[in-house]
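Listed below, chain by chain, are the residues.
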Amino acid sequence: MTFFRTFCINALLTGGIEDVTFNLDFLDAITNRIKTKDGGWSDMITDRAKDIPPFIVMDVLEKAQEMERKGQRIIHLEVGEPDFDTPSCIKDACLKAMKDGKTHYTHSLGVMELREAICEHYFNKYGVTVAPDQIIVTSGTSPAMLLIFAAIMNGGDEIIISDPHYACYPNFIRFLDGVAVRVNVYEEEGFQYTPEAIQSKITKRTRGVMINSPSNPTGNLLSPERMAAIAALGVPVISDEIYHGLVYEGKEHSILEFTDNAFVINGFSKTYAMTGWRLGYLIAPREYIRPMQKIQQNLFISANAFVQWAGIAALREAAADVERMKKIYDERRRFMIKRLREIGLGIRVEPTGAFYILGNIKSFSADSYKTAFDILTATGVGVTPGIDFGTNCEGYLRFSYANSIENMAEGLDKIEQYFRHL
Ligand SMILES: Cc1ncc(COP(=O)(O)O)c(C=O)c1O
């Protein structure tokens with residue numbers, strides 16, 4: 001076998017393109033390795049790549065899109081993406097930046113003017129002072145999460161997350177050889193963490209507590225009292241503030257109002273309807289910036305230049321657009337809560353932020369994955385199974401109201417019929 005491998009590798013090194021194709025097939029035949037659909041070798045795929053779970057909502061969306069391509073009408077209540085167009089002041093700033101030649105790499109920490117605008121935003125909104133050298137601008141919030149987890153965790157270190165949680169948190173943590181330690185949060189408590197439950201999970205290996213308020217998937221906010229109590233535990237808090245700006249009752253708070261021992265991740269995808277632009281940022285204690293900057297330089301170099309200039313316009317010029325969208329989301333939120341209750345999907349504590357509602361389906365089904373795909377196949381309505389957000393979210397479906405009232409009305413009528421005929 002070794003002889004054959006050496007022979008083939010030599011042939012590969014000396015041969016032309018056709019030889020390479022021929023010899024790869026030959027190598028495949030003599031080593032009995034299984035070729036994957038995309039032409040790779042199955043036994044060369046790492047455990048890291050094999051083990052990362054799918055982001056199930058994307059699987060639902062992709063199946064829904066396949067049905068759409070076949071001509072079926074689909075109503076999307078699964079996807080966490082604004083249906084609004086990006087405000088025109090943001091698009092104009094992007095076009096201007098392109099015309100002005102902002103088309104090259106930027107500083108790896110991000111364009112200074114954008115970092116200054118972020119400082120201004122945090123000061124005006126929360127009264128907290130952060131400096132531009134505490135900020136790294138990233139291509140979406142997801143890379144910011146990667147930089148933070150990579151900088152604070154060695155293999156085997158632990159991050160505490162709630163269950164339900166944003167689907168990707170534990171996947172990022174595990175991908176970096178860390179351990180996600182889950183704290184169950186409950187519907188009757190408005191899915192809010194209790195500081196006592198977090199305290200009971202703190203060990204010598206705990207490197208951070210993840211909070212996300214308003215939360216995906218629950219749409220609930222953490223009260224300022226609980227945020228203060230969590231900050232007082234003395235463990236660094238990683239606060240995902242991506243849904244700030246989309247709060248319909250009460251007020252959102254930044255973790256930086258309560259402690260400096262914190263990492264903030266935030267982005268433009270949701271509040272400014274900019275999912276496709278890929279723009280986000282992190283705010284961190286100064287000593288972590290250089291290590292994370294080095295990761296950014298190696299993995300991403302910098303965020304997209306002209307998109308960063310668009311981000312400045314979002315922060316400084318789009319407040320009226322955000323208000324307009326927020327008002328519409330709020331009408332949809334009220335409509336959806338009412339309809340879900342009529343259908344019998346109990347909602348004990350009304351969600352007041354983001355654009356999600358968790359509907360309790362426990363009296364109909366114990367398998368949210370099967371139910372979500374059944375609903376899609378039977379009715380053409382996309383919904384997200386609770387299991388995507390943790391085992392404690394089994395028995396729920398997540399509904400997104402980032403869709404028009406007309407579409408939601410039609411989709412929810414179909415779902416009502418589905419549950420009636422179970
Ligand atoms: C809680 C939360 N954090 C982060 C993200 C990722 O957002 P981005 O588009 O900025 O990568 C999402 C996207 O759905 C989210 O819901």
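Each chain has its residues counted from 1, running along the sequence as written. The predicted origin of the model limits local features to residues at a pLDDT of at least 70 and limits the giving and counting of side-chain atom pairs to 80 or more, whereas totals for whole chains, interfaces and linings rest on all residues.

1. Quick look at the nonpolar core
Phase 1 of the analysis: Here, a nonpolar core denotes buried Ala, Val, Leu, Ile, Met, Phe, Trp, Tyr and Cys residues that are linked to one another through C-beta atoms within 7 Å. Remark: C-beta atoms are placed from the backbone, and a residue is labelled buried if 20 or more other C-beta atoms sit within 10 Å of its own, exposed if 12 or fewer do, or partly exposed between those counts. Formed by 112 residues in total, the largest nonpolar core has its most connected members in Ile 90, Ile 136, Ile 148, Phe 149, Leu 282, Ala 310 and Phe 399.
Phase 2 of the analysis: Segmentation into domains, and thus their bounds, comes from an automatic or database assignment. Here this core spans two domains, since at least three of its residues come from each of domain 2 (56–85 + 320–420) and domain 3 (88–318).
Phase 3 of the analysis: Aside from chain neighbours lying at most four places away, what touches Ile 148 is Ile 238, Phe 263, Ile 265, Leu 282 and Ala 284. Any two residues are considered in contact once their C-beta atoms, placed from the backbone, lie within 7 Å.

2. A word on the sheet that holds strand S12 (residues 396–400)
Phase 1 of the analysis: Spatially, the three strands line up as an open sheet ordered S9-S12-S11, and their pairing is antiparallel. At either end of the open sheet lies a strand with only one pairing partner, and these are strand S9 (356–360) and strand S11 (384–385).
Phase 2 of the analysis: Relative to S12, S9 is paired through five bridges, and the arrangement is antiparallel. The partner of Tyr 356 across the bridge, within S12, is Ser 400.
Phase 3 of the analysis: Against the sheet, helix H13 (residues 319–343) makes contact with S9 and S12, and its axis sits at roughly 5 degrees relative to S9, the strand it touches most. The pairing criterion for strands is at least two bridges between them, as found by DSSP. Only DSSP runs of H or I covering at least 4 residues are called helices, and only runs of E covering at least 2 are called strands; the numbering of each starts at the N terminus. Between N-to-C directions, angles span 0 to 180 degrees; the directions come from axes that are lines fitted to C-alpha atoms, helices contributing only their stretch in contact.

3. Here we look at the pairing of strand S7 (residues 262–267)
Phase 1 of the analysis: Most of S7 is tucked away, with six of its six residues classed as buried.
Phase 2 of the analysis: Taking every second residue as pointing to the same face, both faces of S7 are buried, with Ala 262, Val 264 and Asn 266 on one and Phe 263, Ile 265 and Gly 267 on the other.
Phase 3 of the analysis: Bridge count for strand S6 (residues 237–240) against S7 is four bridges, and the pairing is parallel. Looking at the pairing, Ser 239 lines up with Val 264 of S7.
Phase 4 of the analysis: Bridge count between S7 and strand S8 (residues 280–283): four bridges; the pairing is antiparallel. Each bridged residue has a counterpart across the sheet, and for Val 264 the counterpart in S8 is Ile 283.

4. Regarding the domain arrangement of the protein
Phase 1 of the analysis: The domains assigned to the protein are domain 1 (2–45), domain 2 (56–85 + 320–420) and domain 3 (88–318).
Phase 2 of the analysis: Centre-to-centre, using C-alpha coordinates, domain 2 lies 25 Å away from domain 3.
Phase 3 of the analysis: Taken together, the 32 residues of domain 2 in the interface contact 31 residues of domain 3.
Phase 4 of the analysis: Of the residues forming the side of domain 2 that touches domain 3, the biggest block, seven residues, is contributed by H13.
Phase 5 of the analysis: Of the residues contributing to the side of domain 2 that touches domain 3, the split by class is 16 nonpolar, seven polar and nine charged. Classification convention: Asp, Glu, Lys, Arg as charged; Ala, Val, Leu, Ile, Met, Phe, Trp, Tyr, Cys, Pro as nonpolar; all other residues, Gly among them, as polar.

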